[in-house]
Amino acid sequence: AQSVAQPEDQVNVAEGNPLTVKCTYSVSGNPYLFWYVQYPNRGLQFLLKYITGDNLVKGSYGFEAEFNKSQTSFHLKKPSALVSDSALYFCAVRDPNTGGFKTIFGAGTRLFVKA
Amino acid sequence: DAMVIQNPRYQVTQFGKPVTLSCSQTLNHNVMYWYQQKSSQAPKLLFHYYDKDFNNEADTPDNFQSRRPNTSFCFLDIRSPGLGDAAMYLCATSRVTSGRSDTQYFGPGTRLTVL
């Protein structure tokens, strides 16, 4: 069965420090992987995706993610965190073998960036 | 700017009183989705339309219905809202190319309160 795991409910980091939000997945075949961010009382905003190609994907607001096939991971990273990055982050996977209509979301990781 | 719009942003209804939530898009995407999200949990897919084809998730209650009169609009009807239906409802769209669905773009959501 397809699944996405975000092992940390919450990540705390000081402003200016690097941040990592972890994600692992279990999907047969080659997955489409996504990161979304959600601010309070707002919809999900697309950050970045991996479909094929270079394992390091760059996205919006200075975020990047590294696809690691052997570890089935897709961790979100940013070299220098901002207070405004504080939000709820969702990792998601789509199985392209089924047309990709079904998205499996992780449980979400709340990021707190302290000034 | 091309976008996904949801109206209203906040909806209050009474227990058992039918309610309709609206979603429109200017992206000209052929797939539209409705998700339910409770208390910062992962969004839960209720159903999606691929053009005019309706696809219901197996565990979506019969109380939830949807209509898509044209490419731009999609409605979520809750026939008899219960207290447990209070949630954020998210609309999303995606484009299908070569038979596969690409990135989903989300609207800002409608927060439903049931009194």
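Please refer to the structure higher up on the page.
Residues numbered from 1 in each chain as written. Chains lettered and ligands numbered in written order. Predicted model: local features only at pLDDT ≥ 70, side-chain atom pairs only at ≥ 80, totals over all residues. Heavy atoms only, no water.

**Brief notes about the pattern of salt bridges**
Residue and element names in this part refer to chain A. All told, the structure shown has seven salt bridges over all chains when counted by the stated rule. With its nearest N and O atoms 3.8 Å apart, the salt bridge here joins E66 to K77. Remark: K77 occurs in strand 9 (residues 73–78) and E66 occurs in strand 8 (residues 64–68); sequence separation between them is 11 residues. E66 gets classed as partly exposed once you look at its relative accessible area, which sits at 39%. With a relative accessible area of 30%, K77 lands in the partly exposed category. When the shortest N-O distance is used, the salt bridge between K78 and D85 registers 2.8 Å. (Salt bridge = Lys/Arg side-chain N within 4 Å of Asp/Glu carboxyl O. Helix = DSSP H or I, 4+ residues; strand = E, 2+ residues; numbered from the N terminus. Buried < 20%, exposed > 50% of the residue type's maximum accessible area, 1.4 Å probe, protein only.)

**Focus on the sheet that holds strand 8 (residues 73–78) of chain B**
All names here are of chain B. The antiparallel open sheet is built from four strands, whose spatial order is 1-3-8-7. Each end of this open sheet is capped by a strand with a single partner; those strands are strand 1 (4–7) and strand 7 (64–67). Recorded for the sheet is a direction-independent mean angle of 20° between the axes of neighbouring strands. Where strand 3 (residues 19–25) lies against strand 8, six bridges are found, and the strand directions are antiparallel. Bridged to V19 within strand 8 is I78. (Pairing = 2+ DSSP bridges. Axes fitted to C-alpha atoms, helices over the stretch in contact; angles between N-to-C directions.)

**Comments concerning the packing of aromatic side chains**
Counted under the stated rule, the structure contains 19 aromatic pairs over all chains. Between A:Y25 and A:F67 the ring centres are 6.2 Å apart and the planes differ by 20°, which places this aromatic pair in the stacked class. Of this pair, A:Y25 sits in strand 4 (residues 24–26) while A:F67 sits in strand 8; the two residues are 42 residues apart in sequence, bridging distant segments of the chain. According to the relative accessible area criterion, A:F67 is buried, its value standing at 7%. The interplanar angle of 85° and the centroid separation of 5.4 Å between the aromatic rings of A:Y36 and B:F106 together place this pair among those described as edge-to-face. Taken as a pair, A:Y36 in strand 5 (residues 32–38) and B:F106 in strand 12 (residues 105–106) lie in two separate chains rather than in one. For A:Y36, a relative accessible area of 2% puts it in the buried group. Each member of the aromatic cluster is reached from another via a ring pair, and the members are A:F34, A:Y36, A:F46, A:F90, A:F105, B:Y33, B:Y35, B:Y105 and B:F106. (Phe/Tyr/Trp six-rings, centres within 6.5 Å; stacked < 30°, edge-to-face > 60°.)

Structural measurements only, silent on function.
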